[in-house]
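# A closer look at the structure
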Amino acid sequence: MLYMSTNEIRDTFLNFFEDKGHTIVDSSSLIPHNDSTLLFTNSGMNQFKNYFLGLEKPPYVRAATAQRCLRAGGKHNDLENVGFTARHHTFFEMLGNFSFGDYFKEDAISYAWEFLTEILKLSKDRLLITTYQTDKETFKIWNKKIGIPKDRIICIGNKNNISYESDNFWQMGDTGPCGPCTEIFYDHGKHISGNRPGAPEENGDRFIEIWNNVFMQFNRCENGNIELLPKPSVDTGMGIERVSAIMQGVHSNYEIDIFQKLIKAIAETIDFNNFPNQSLHVIADHIRSCSFLIIDGVIPSNEGRGYLLRRIIRRAARHGNKLGAKSPFFYKLVQILSEVMGRAGEELKKQQQIIENILRTEEENFSYTLERGTIMLNNTIDNLNSNVLEGKTIFKLYDTYGFPVDLINDIAKERKLSIDEKGFKKAMEEQQKRARAANQFSVDYSSIIKIGENTTFCGYTTTKSNTFITAIFLEGEKVELLSANDKAIVILEKSPFYAESGGQCGDSGIIQSDSALFKVEDTQKLGNVVAHYGMTIRGELTQGNTVLAKVDVKRRDSVCLNHSATHLLHSALRIVLGGHVVQKGSLVKPSGLRFDFSHFSSITQSELKKVERIVNTQIRHSHDIQTDIMDIELAKKKGAIALFGEKYDKEVRVVSMGDFSKELCGGTHASNTGNIGLFKITSERSIASGIRRIEASTGEVALDIIDDKNCAFEKRILKSINEAKVLKKEIQQMKEKIALKESSNIVNKVKQISGANVLVATLEEIDKKSLHLIVNKIQNQIGNGIILLASVTDKKICLISSVTKDLFYKVKANELVDIVAPKIGGKGGGRSNVAQAEGIDVKALPEAMRFVQIWLKEHL
C-alpha cells in the first residue's frame, strides 16, 4: 500500500478537488462565526451553513477545505471516549468537498470513490457502503453506477422507529441543515474485533467510517418539522486521522505520524517509558484541542466555552499526574505540536508563547486545586459515620472545585471506602438539566428562510434611506401588521443600520412611515438579512409599507470614533509592546471601547502612557481614513492585519489610517482620525494568562472622564487641605497642653536674686507659640520677675525673655536676648517687657545661658 504522511494526505485531497473546479477555502475558527446554535465548529460544513440555508449567496458553487473541528460539548461530544478508542478525538481535521446547488448525489459519490480508490489506491474489496433506508436513489448510484455489489451496501433505518433519527440521516445540531447520508467504511481486517455497520457488535474497531457524503435537502425546524432547502447541496467529510492510519498501515489513529511524534515528546517530557498507554493518547489529543481553542480566542473560565477548555486542560493534567508528572508539563508540548501540524500549525508558531503561558497558568492553578481538594476530601472522610462517600459530596468536589472523580475513587479505595455512584449520577443529571435549560446555543432558522429576501446594507455611505418592509416577526412568528407597543423584528429591503458584527454593536434609530413610528433598539444580522429589533411607538406598520429608516447619528458617530480608535490602539500596542500583540477580542460601543490582546506580562504605567500618547499623536495627524475593497491575498500582501480564525470573503474591506494602521474590517469608521479628538485609557488589567484588556473612551466622553477626574482630584485636594487644617489645630492644641504642663514643671526652678524672681531655663521641642504660652503662664504665677527661656526644635534655637516694669531700671527683656543671640549665631529684638531671638549654634546654647545667669547676678 502507498504510504502517505498526514500532511501529504491533506495537500493531495485539496489539490484533487481544486482540479475538479473547487475553490480551496481556509479553515474557519473553532468558534462558529455569528452562529448561536453551536458551541464549537464540529464539522466542515459549519462555515457554509448560511449558504446551505439560502441566507447568503456563496461566492463559489464548489469548495474544498481542511477544517479544524472540535467535539467536546453539545450534541457532538466525544470527550469521555478520547484515549480509550482507536478513533475518537476532541480535536480533528475534517477534509471536505462541498456543492452549493451545483452537483449532487452522483458526482459526490463518484468523486469520493475516485479519490479513495484511484488517488489513495485503497483496495475496493476493503470498502463497505451504508445508505439511508429510504434513499433509493443513492443505493442505485452505488450499485449501478459505481458497481458495488448489493451485499456490500447496507441500508440503515431509523432508531426506535423515530423518523430521521438514524446514523445515516445527518444533522448539524438540534436545528439547521440536514439530510440523508451515505458513508464509506474501511475494513481493517478479521484480526480486529467488530462487525459490519448495522449488525450486532458493530461498535468494534474493525469497520471504520472514513468518508461521509451528506446530501443537504432539508432544514430541521425548532418544532421538529423537516422542510426542503432552497437548493439541494452536498456536504462531505473525511477524517484525516482515520485515513492517515490506513495509508500508514496502522489501525489506531494514535499510531499515525503526528500522534507518534506527540506521544514520544510527552513521554520524554514526563520521563515515562511504558508504551502504549491510554493517558498518553489523552494528552496527545488534548494538546491539539487546547492549543487551537486558545489561538481562536477561547480563554479558560468557569462558564461556556472557557469552562470546557479548562476542563480539557485539567483532564490532560490529571492524566499527566497519573503517569508521574511532578510539575507542569502540558505547556511544553506546544512547540512540537506546531511542528507536526504542518500547514495547519503555522498560526501555532506565531502564538506559541501565549498558548504556553495560558496552559502553564492553568496547570499551576489545577495543582493548587488538587491539593486543596485532597485536604477537603480527607477531612470529609475523617468525619464520615459510614464507609460510603455520599454522591453529593463527590459532585461538589467535582463541579465546584474541578476535582477529578477518578481521583476521588482512588483515594476512597485507599481508605477502604465505597462511593455513592447513584447519588453522584443523580446530582450530575440535575446539573446537566440546569445547563440545558440555560443553554444559549439555540435559534430557529426556519422563519428566516421563509423570508426569501436579502437586505442590502447601505450604511457605509448614508445614515438614512427610503426603503420598504419585506417581513415582520412578532414573538417568533411572521405577521403582516404591527400595532402600537408591539415588540418585534422588522426586515427591510435596504437598510442603513449596521448589524452587530466584529465587536461593533448594532445601530439604533427609527423606522417611520407617514402614520407610524418604530423605534429600533438593536440591529442584528441573520444570514444576509438585517434584523431590526424594537417596538412600535405609534401607529401601525404593515409588510410592504414604504418607510424612512434613520440611524441615530450621534450614537453611530460615537461608535465610529471608538472603532477607529481601536485600530490605532492595536498598532500602538504593537509598537510599544512588540509584534507578538494579537487582537483577542473587542467591543465597540457609544460610551467607549474594550480591546483584548495577547501579552505575556503586566503593562507599566509608562508603557500605557506611551501607547496613549502614540494614539493621540496619530489623531492629531488627521489621517484620512480610507476604505478599499480588494482581493484578500492582495490585502495581506499590502500588510493589512487579519484576525486569525475570522471569516473573510474573497474580497475584503481594508481600512487604512495613513501608513500607521491597515486592517481588514467590515465595521463603520470616522472619515478622519482627527474627528476622534481625544483618546483616553480608563483601565488596563489581565483577564487570563497571557491575555490583557484595555478599556478606553474617545471624544466628548473622554473629555467628560478627564473633567470628572480633575473634579475628583480637586475635591480630594480640598478635602486634604481641610483635614490638614483640622490636624494642625489638633496638634497645636496638644502642643499647648504640653506647654502648660511644662510650665508647671519648671516654675519650681525660679530663683531669688537680689529680691527678684529669676527663671533661666532650656526646654526641648517646644515651638515658638507654645514657648510664649509658657512664659506668660509662669509670669502670671510669679507676679514680678525676669524670665528667659530657650527651646531647641529641629536644630534651631528660639529664645523668649520677659521682664516686669518694676525691674526695667535694672534690666530690660531686649537687653537679655541681645546678650545671648550673638553667642548662638543669631539675633533678636523686642521691647523692654518682651523680646525674642533665634539662633542655630545649639552646642553654644548651654554656655550662653550660664553667662546670662552670671550677668543677671551682677546687674540686679
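Residues numbered from 1 in each chain as written. Predicted model: local features only at pLDDT ≥ 70, side-chain atom pairs only at ≥ 80, totals over all residues. Heavy atoms only, no water.

## What about the packing of helix 1 (residues 6-19) against helix 5 (residues 240-247)?
Let me state the cut-off plainly: Whenever a helix is involved, its axis is fitted only over the stretch in contact; in every case the axis is a line through C-alpha atoms, and angles between N-to-C directions fall within 0 to 180 degrees. For the purposes of this entry, the term helix denotes a DSSP run of H or I that reaches at least four residues, the term strand denotes a run of E that reaches at least two, and both are numbered from the N terminus. Should an angle lie under 35 degrees it is considered roughly parallel, over 145 roughly antiparallel, and from 65 to 115 roughly perpendicular; all remaining angles are considered oblique. By the definition used in this description, the sense in which the near helix is turned from the far one sets the handedness, with an anticlockwise turn below a right angle giving left-handed and a clockwise turn giving right-handed. Residues are treated as being in contact if the distance between any of their heavy atoms lies within 4.5 Å. Polarity classes work like this: nonpolar for Ala, Val, Leu, Ile, Met, Phe, Trp, Tyr, Cys and Pro, charged for Asp, Glu, Lys and Arg, and polar for all others, with Gly in that last group.
Where helix 1 meets helix 5, the closest approach of the two axes is 9 Å, and the angle between their N-to-C directions is 115°. One way to sum up the angle between helix 1 and helix 5 is to call them roughly perpendicular. By crossing handedness, the relation of helix 1 to helix 5 is classed as right-handed. Of the residues in helix 5, those in contact with T6, I9 and R10 of helix 1 are I240, V243, S244 and M247. In terms of residue class, the contact of helix 1 with helix 5 is made up of 4 nonpolar, 2 polar and 1 charged.

## What about the packing of aromatic side chains?
Condition: Geometry of aromatic contacts follows a simple scheme: Phe, Tyr and Trp rings, the Trp one being its six-membered ring, pair when their centres are within 6.5 Å, and the pair is stacked under 30 degrees between planes, edge-to-face over 60, tilted otherwise. Buried means the residue's accessible area, taken with a 1.4 Å probe over protein chains only, is under 20% of the maximum for its type, while exposed means over 50%, and partly exposed covers the values in between. In this analysis the charged atom, NZ for Lys or CZ for Arg, is taken to sit over a ring once it is within 6 Å of the ring centre and within 35 degrees of the ring normal.
Considering all chains together, one arrives at 28 aromatic pairs under this definition. Between F595 and F597, the aromatic rings sit 6.0 Å apart at their centres with planes inclined by 25°, giving stacked as the arrangement. In this pair, the class of F595 matches that of F597, namely buried. Taken together, the aromatic side chains of F13, F16, F17, Y103, Y111, F115 and W211 make up a single cluster linked through ring pairs. Note that R653 overlies the ring of Y460, its terminal NZ or CZ placed 3.7 Å from the centroid.

## Thoughts on the sheet that holds strand 26 (residues 592-598)
Sheet strands pair via backbone hydrogen bonds, and the direction of the pair is either parallel or antiparallel. The condition that has to hold: A strand pair is defined by DSSP finding two or more bridges across the two strands.
An order of 25-26-31-30 is seen for the 4 strands of this open sheet, with the pairing classed as antiparallel. In the strand order of this sheet, the two ends are held by strand 25 (583-589) and strand 30 (679-688), each with one partner. Put simply, the sheet's adjacent strands are angled 15° from each other on average, direction ignored. Here strand 30 runs beside strand 31 (residues 691-698); their pairing, made up of 8 bridges, is antiparallel. Among the inter-strand pairings, R685 is bridged to a residue of strand 31, identified as R693. Each of strand 25, strand 26, strand 30 and strand 31 is contacted by helix 16 (residues 553-577), which is oriented at about 30° to strand 26, the strand it contacts most. The sheet strands contacting helix 17 (residues 605-620) are strand 30 and strand 31, and the helix crosses strand 30 at an angle near 135°.

## Concerning the environment of F259
One can find F259 in helix 6 (residues 257-270). Overall, F259 belongs to the buried group, its relative accessible area being 0%. Along the backbone, F259 and Q248 are 11 residues apart, and their C-alpha atoms lie at a distance of 12 Å. Excluding residues within four positions of it along the chain, F259 makes contact with H89, E241, N253, Y254, A284, D285 and R288.

## Quick word on the pairing of strand 28 (residues 651-657)
Among the 7 residues in strand 28, 6 count as buried, and that is most of the element. Where strand 27 (residues 625-631) and strand 28 come together, 7 bridges link them in antiparallel fashion. Paired with M630 across the strands is V652, a residue of strand 28. When strand 28 meets strand 29 (residues 661-664), the two strands line up antiparallel, connected through 4 bridges. Directly across from V655, in strand 29, lies its bridge partner E663. Where strand 28 folds back on strand 29, the antiparallel hairpin that results is connected by 3 residues, among which G658 adopts a positive phi of roughly 60°.

## Structural notes on the pairing of strand 7 (residues 153-156)
Spelled out, the test is: Looking down the strands as they point away from the viewer, one classifies a crossover as right-handed if the path from the first strand across the helix to the second runs clockwise.
Pairing geometry for strand 6 (residues 127-132) and strand 7, over 4 bridges, is parallel. What sits directly across from T131, in strand 7, is C155. Crossover handedness for the path strand 6 to helix 4 (residues 136-146) to strand 7: right-handed.

## Regarding the sheet that holds strand 36 (residues 827-830)
Sheet architecture is open: 6 strands sit in the order 32-33-34-35-37-36, paired in mixed fashion. The open sheet has two edge strands, strand 32 (751-753) and strand 36, and neither has a second partner. Each adjacent strand pair in this sheet contributes to an overall mean axis angle of 20°, direction not counted. Sheet strands in contact with helix 20 (residues 768-782) are strand 33 (756-764), strand 34 (786-793), strand 35 (796-803) and strand 37 (834-839), and its direction is about 25° off that of strand 35. Here helix 21 (residues 813-820) sits on the sheet and contacts strand 34, strand 35, strand 36 and strand 37; the angle it forms with strand 35, its principal contact strand, is near 150°.

## A look at the domain arrangement of the protein
The test is simple: The domain boundaries here were taken from an automatic or database domain assignment.
Looking at the protein, the domain boundaries give domain 1 (6-255), domain 2 (258-437), domain 3 (456-551), domain 4 (556-705) and domain 5 (749-859). Computed from C-alpha coordinates alone, the two centres of domain 1 and domain 5 are separated by 107 Å.

## A short note on the side chain of R206
Checked against the element boundaries, R206 lands in the loop between strand 9 (176-187) and strand 10 (207-220). Every residue in contact with R206, bar those within four places of it in the chain, is listed here: Y186, D187, H188, G189, K190, I192, S193 and G194.

## Digging into the pattern of salt bridges
Which entries qualify depends on this criterion: What makes a salt bridge here is a side-chain nitrogen of Lys or Arg within 4 Å of a carboxyl oxygen of Asp or Glu, nothing more.
A complete count under the given rule lists 19 salt bridges for this structure. Close ionic contact of D102 with R62 constitutes a salt bridge, the shortest N to O distance being 2.5 Å. With D102 in the loop between strand 5 (91-99) and helix 3 (105-119) and R62 in strand 2 (residues 62-70), this pair connects stretches of sequence that are 40 residues apart. For R62, a relative accessible area of 16% translates into the label buried.

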